[in-house]
Amino acid sequence: MEALDAVILGIIQGFTEFLPVSSSGHLELGKAILGDNSVPEESLLFTVVLHFATALSTIVVFRKDIIEIGTALFKFTWNEETQFVVKIIVSMLPAVIIGLLFEQELEAFFGGNIAFVGAMLIVTAVLLWLADRSKNTGKPVTFKDALIIGVSQAIAMLPGISRSGATISTSVLLGNDKSKAARFSFLMVVPLIFGKIAKDLLGGELTSDTTNFTTLGLGFAAAFICGLIACTWMIKLVKNSKLRYFAIYCLIVGIISIAVGLYN
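This write-up is about the structure you can find in this document.

The next subject is the environment of Ala55. Here Ala55 lies in helix 3 (residues 40–61). A relative accessible area of 2% places Ala55 in the buried class. Taking the C-alpha atoms as reference, Ala55 lies 9.7 Å from Ala223; in sequence the two are 168 residues apart. Beyond its immediate sequence surroundings of up to four residues, Ala55 is in contact with Val190, Ile193 and Phe194.

Okay, a nonpolar patch on the surface next. Judged by side-chain polarity, Ile89, Leu93, Val96, Ile97, Leu100, Leu101 and Phe102 come together as a nonpolar surface patch covering roughly 660 Å² of accessible area. Looking at Leu93, the relative accessible area reads 46%, which means it is partly exposed.

Position of Ile89 among the secondary structure elements: in helix 5 (residues 80–101). The class of Ile89 is partly exposed, set by a relative accessible area of 47%. As a C-alpha pair, Ile89 and Pro191 span 102 residues in sequence and 8.6 Å in three-dimensional space.

What follows is about the layout of surface pockets. Its volume calculated, the largest pocket comes out at about 730 Å³. Around the largest pocket sit 31 residues that line it, and Val48, Met157, Leu192, Ile193 and Lys196 are the ones nearest its centre. Within the residue set of the lining of the largest pocket, elements represented by two or more residues are helix 2 (23–34), helix 3, helix 5, helix 6 (103–107), helix 9 (163–173) and helix 11 (190–202). Tallying contributions element by element places helix 11 first for the lining of the largest pocket, with six residues. Tallied by class, residues from the lining of the largest pocket come to 15 nonpolar, eleven polar and five charged. Of the pockets and cavities examined, the second largest pocket occupies roughly 320 Å³. Lining the second largest pocket are 13 residues; nearest its centre among them are Glu80, Phe84, Pro140, Lys180 and Arg183.

For the rest of this paragraph, the subject is helix 5. With 22 residues, helix 5 extends 33 Å from end C-alpha to end C-alpha; this agrees with the ideal 32 Å at 1.5 Å per step. Within helix 5, the axis deviates most sharply at Leu93, by approximately 35 degrees, and proline Pro94 lies no more than four positions further along. Along helix 5, the residues classified as buried are Thr82, Phe84, Lys87, Ile88, Val90, Ser91, Met92, Pro94, Ala95 and Gly99.

Scanning the entire structure with this criterion turns up four aromatic pairs. Ring geometry for Phe62 against Phe186: centres 6.2 Å apart, planes inclined by 50 degrees, an arrangement best described as tilted. Here Phe62 is found in the loop between helix 3 and helix 4 (63–73), whereas its partner Phe186 is found in helix 10 (residues 178–188), with 124 residues between them in sequence. Assigned by exposure class, Phe62 and Phe186 land together as buried. Note that Lys87 overlies the ring of Phe143, its terminal NZ or CZ placed 5.4 Å from the centroid. Lying across the ring of Phe84, Arg183 places its NZ or CZ 4.5 Å from the centre.

About the thresholds
Residues numbered from 1 in each chain as written. Predicted model: local features only at pLDDT ≥ 70, side-chain atom pairs only at ≥ 80, totals over all residues. Heavy atoms only, no water. Helix = DSSP H or I, 4+ residues; strand = E, 2+ residues; numbered from the N terminus. Buried < 20%, exposed > 50% of the residue type's maximum accessible area, 1.4 Å probe, protein only. Contact = heavy atoms within 4.5 Å. Patch = residues over 30% accessible without salt bridge, like charges linked within 9 Å, V, L, I, M, F, W, Y side chains within 5 Å. Areas by Shrake-Rupley, 256 points an atom, 1.4 Å probe, with all protein chains shown as cover. Salt bridge = Lys/Arg side-chain N within 4 Å of Asp/Glu carboxyl O. 1 Å grid on protein atoms, 1.4 Å probe; cavity = no way out; pocket = protein on both sides within 12 Å on 5 of 7 lines; lining within 4 Å. Points joined across faces, edges and corners; volume = space filled by probe spheres on them. Nonpolar A, V, L, I, M, F, W, Y, C, P; charged D, E, K, R; others polar. Expected span 1.5 Å × (residues − 1). Bend = angle between axes of the 7 residues up to and from the residue. Phe/Tyr/Trp six-rings, centres within 6.5 Å; stacked < 30°, edge-to-face > 60°. Lys NZ or Arg CZ within 6 Å of the ring centre and 35° of its normal.

As structure tokens, this is what we get:
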């Protein structure tokens, strides 16, 4: 992969990670357009590194929330912040189980099958349309909600299913407040991304022999900077119920992707 391609893909990841249009799906479409010939394992590795960059941008945007949560945890009481952390852990379980048991099967979906990506984008469009029509409430995320949202996050490991779109939509359809749904959605993915990177480091998958660190670094930087911008923007969009426009976008891109994929 060329350096310029890595920067372009980093920009795509940074903006689409927080917008409900599937960052992994757009990365696969971007790779297909740029003519990237990476094998599925290498392609997935680059995707994970870019997701790591946007996870860091999430930490920067929500740094006050994270500091408050961390401070409250050391009080060792069953307070609101402690409950929030437990809910995050509960939400992680489905994705962790699927990721550990079906890692190779998941890698197979990251090989440039844009027709499949298109079909999943249409699924994302339906979820966003339904969520946009839901009324805003003051209901917080419960433990049961956290598990259900976690299942939607696990399904969103497929390219084309927007993680933020699926989790926010699921949360809103469960009756949760939109701003709280967005906050929970963005924070719940951070431990998973750090866990994935740690697993790859310990497993020896990120080595100087198999990885172009310059290319990964450029993609990482682009994704991080664009992620900072998109995360702040998306929070405002969710509060103002602007998801229908993204639903229309995903539907159009999905249909075009299926047509191109079947034609090729």
